[in-house]
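Here are the chains, one letter per residue:
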Amino acid sequence: MTDALENGTLQAPGDEKGKLKRAIGPGLLLLFIVGDVLGTGIYALTGKVAEEVGGIVWLPFLVAFVVATLTACSYLELVTKYPKAAGAALYTEKAFGIQFVTFLVAFAVMSSGLTSSSTAARAFAENLSTGFGLDLGAWAVTLIGLVFVGAISLINMRGVGESVMVNAVFTCIELTGLIMIVVIGMMVFSNGEADIGKAFEFGDNENGVFWPVIAGTTLAFFAMVGFEDSVNMAEETKAPSRTFPKMLFGGLAIAAVLYLVVSIVAISIVPIDDLAEGDTPLLKVVEAGAPGFPPWVFGLITMIAVGNSALINLLMASRLVYGMSEEGVLPAVLGKVNRARQTPVTAIIFTTLLAAGLITFVGAVPELGGTTALLLLGVFTVVNVAVLVLKRDKVDHDHFRTPVWVAVAGAATCAFLVGPWTGRDPAQYLIAAVLIGIGVVLWVVTRLWMRQA
């Protein structure tokens, strides 16, 4: 029974007390992936990428999609081979067996989830303040962000089924907002008021085309990394070995098409300088293309989009902590499961408290989003190497197999995007070093605490 559950061949909710509930079917998994990859990225990053490359804003998104797909293939082999929570950290432990390295990988992934969710929660509060003309002070924005993340944790506590259903609703609203952008673009194009030729113009840059596109890709890649969150939900997915390949490729393809179409529409309607200013590029598209449309409606959709990112990332972070506790890398107390709801209760509390702390202070570190992408690119490099090492490990069920050349290409491209030659802000490397330092301290404290226990 245990082997069958781990391999994803049985749903059996409640057969194993203390284990997570398999409540995510193919449709919910697809919406989870689409909602996570879209999230705040498409609603906030388009203008920043345009600032790097000019009119060809769609090209860095396309390059980021290709790189993400290479790494997604490695994740697919590993998640269908080992369908358990913990994702990259679990694969690192199985491939290399060095708990210190495993802990740092787990810490980097968890940090990315918590910083993303706390930043999204704060953005939710700021959009509420500005979108509805409330003119709230900084302390009120922080308070609303804390209340919001607390509400998400209660949904998370209630059950994974409820959490992914809320995610499904939020994702549908996100998609509605993007469809609105596409429809507005079609109307403007039909009236001859947009210039699609701008989508193929490169901005003036003395460094040529290649390096600005690479710099834009490092930004765009942040929008594509959401697929990694889904593998941490493998232990709550029905038949993960069969479900993940189609849903992950399908989710990435849907997100990529939306990114390309929306970015072309945006750059064709709004001037580059206007698009790059501020954090609401798509709202500017609505204002320019449909001036009679109430701006607060699209502002509400944006709030839901960033709220969905917070929900998904807190789900991922709590499952990662739970999975690492199950593997013995974190204290056993973090692996406790509510028997009635079959949710990792202590992991949820732990990650929520960390997110609450970040909500209070994340505004002082504007480079944190880029640092998150930097850390995850490092993690992706490790995962691509791990899948090559684990090719020799055989399991007793069918699973996805990625070609060796794909894993090698994934490792090479991710490692390349980590380097300073991409034009990253040096502050991102400093923040990453500080985060890794905190991870080392936590490792030492955890070892001492577990040894005494």
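In this numbering scheme, every chain counts its residues from 1 along its sequence in written order. In keeping with the predicted nature of the model, local features appear solely for residues at pLDDT of at least 70, side-chain atom pairs appear and are counted solely at 80 or more, and the whole-chain, interface and lining totals rest on all residues. By convention in this description, side-chain values take in all heavy atoms of the structure and omit both hydrogens and water.

## A word on the confidence of the model for the protein chain
Detail in the predicted coordinates should be disregarded across regions flagged by low pLDDT. Formally: As a per-residue quantity, pLDDT reports the predictor's confidence and falls between 0 and 100. Per the convention used, a helix needs a DSSP run of H or I reaching at least four residues, while a strand needs a run of E reaching at least two, with both numbered from the N terminus. Note on definitions: a residue-residue contact is assigned when non-hydrogen atoms from the two residues lie within 4.5 Å.
For the protein chain, per-residue confidence averages 79 on the pLDDT scale, and 89% of positions sit at 70 or higher. At the level of individual helices and strands, the protein chain shows its lowest average pLDDT in helix H1 (residues 2-6), which scores 35, and its highest in helix H17 (residues 404-418), which scores 94. Note that residues 1-18 has pLDDT below 50 and, in this model, 33 contacts with residues that lie over four places away or in other chains.

## Things to note about the environment of Leu76
By secondary structure assignment, the location of Leu76 is in helix H4 (residues 58-81). Spatially, the C-alpha atoms of Leu76 and Arg401 are 7.7 Å apart, while their sequence positions differ by 325 residues. If we ignore the near neighbours within four places in the chain, the residues touching Leu76 are Phe244, Pro245, Leu248, Phe249 and Phe400.

## Section: the packing of helix H11 (residues 240-269) against helix H13 (residues 281-289)
We apply this condition: Axes, fitted as lines to C-alpha atoms, cover a helix only where it is in contact. Angles between the N-to-C directions of the axes lie from 0 to 180 degrees. Throughout, the term roughly parallel applies to angles under 35 degrees, roughly antiparallel to angles over 145, roughly perpendicular to angles from 65 to 115, and oblique to all others. Helix crossings are classified by the rotation of the near helix relative to the far one: an anticlockwise turn of less than a right angle makes the crossing left-handed, while a clockwise turn makes it right-handed. Here the term charged refers only to Asp, Glu, Lys and Arg, the term nonpolar to Ala, Val, Leu, Ile, Met, Phe, Trp, Tyr, Cys and Pro, and the term polar to all other amino acids, Gly among them.
Running from N to C, H11 and H13 point in directions that differ by 55°, and their axes come no closer than 10 Å. Overall, the two elements H11 and H13 adopt an arrangement that is oblique. Read as a crossing pair, H11 and H13 show a hand that is left-handed. Residue-level contacts link Val262, Val265, Ala266 and Ile269 of H11 to Leu282, Val285, Ala288 and Gly289 of H13. In terms of residue class, the contact of H11 with H13 is built from 7 nonpolar, 1 polar and no charged.

## A closer look at the nonpolar core
Note the cut-off: Think of a nonpolar core as a cluster: buried Ala, Val, Leu, Ile, Met, Phe, Trp, Tyr and Cys residues, connected wherever their side-chain atoms sit within 4.5 Å. Categorising residues by exposure relies on relative accessible area from a 1.4 Å probe, with only protein chains included: less than 20% of the type maximum marks a residue as buried, more than 50% marks it as exposed, and the intermediate range marks it as partly exposed.
Counting residues in hydrophobic clusters, the biggest one holds 124 residues, and the most contacted among them are Tyr75, Phe227, Val285 and Phe298. If one sorts the elements of this core by residue count, helix H14 (residues 295-326) sits on top with 16 residues.

## A few points about the packing of aromatic side chains
Condition: Aromatic rings from Phe, Tyr and Trp, taking only the six-membered ring of Trp, are treated as a pair when their centres fall within 6.5 Å; an angle between ring planes under 30 degrees marks them as stacked, one over 60 as edge-to-face, and anything in between as tilted. A ring is considered to have a charge above it if a Lys NZ or an Arg CZ atom is located within 6 Å of its centre and within 35 degrees of its normal.
Throughout the structure, instances matching the rule amount to 8 aromatic pairs. Taking 6.2 Å as the distance between ring centres and 70° as the angle between the ring planes, the aromatic pair formed by Tyr75 and Tyr91 counts as edge-to-face. You can see Tyr75 sitting in helix H4 and its partner Tyr91 sitting in helix H5 (residues 87-96), a full 16 residues away along the chain. Geometrically, the ring pair formed by Phe100 and Trp443 is edge-to-face, given 5.6 Å between the ring centres and 70° between the ring planes. Linking Phe100 in helix H6 (residues 99-131) with Trp443 in helix H18 (residues 426-452), this pair joins segments that are 343 residues apart in sequence. Aromatic ring contacts, followed pair by pair, group Tyr75, Tyr91 and Phe380 into a single cluster. The ring of Trp443 has Arg447 lying over it, and the distance from NZ or CZ to the ring centre is 4.6 Å.

## Brief notes about the packing of H14 against helix H15 (residues 345-361)
Orientation of H14 relative to H15, taken along the N-to-C sense of each, is 125°, at an axis distance of 8 Å. Classified by the interaxial angle, the pair formed by H14 and H15 is oblique. In the packing of H14 onto H15, the handedness of the crossing is right-handed. Here H14 contributes Leu314, Ala317, Ser318, Arg319, Val321 and Tyr322 to the contact with H15, which in turn contributes Ala347, Ile348, Phe350, Thr351 and Ala355. Classifying every residue of the contact of H14 with H15 by side-chain character gives 8 nonpolar, 2 polar and 1 charged.

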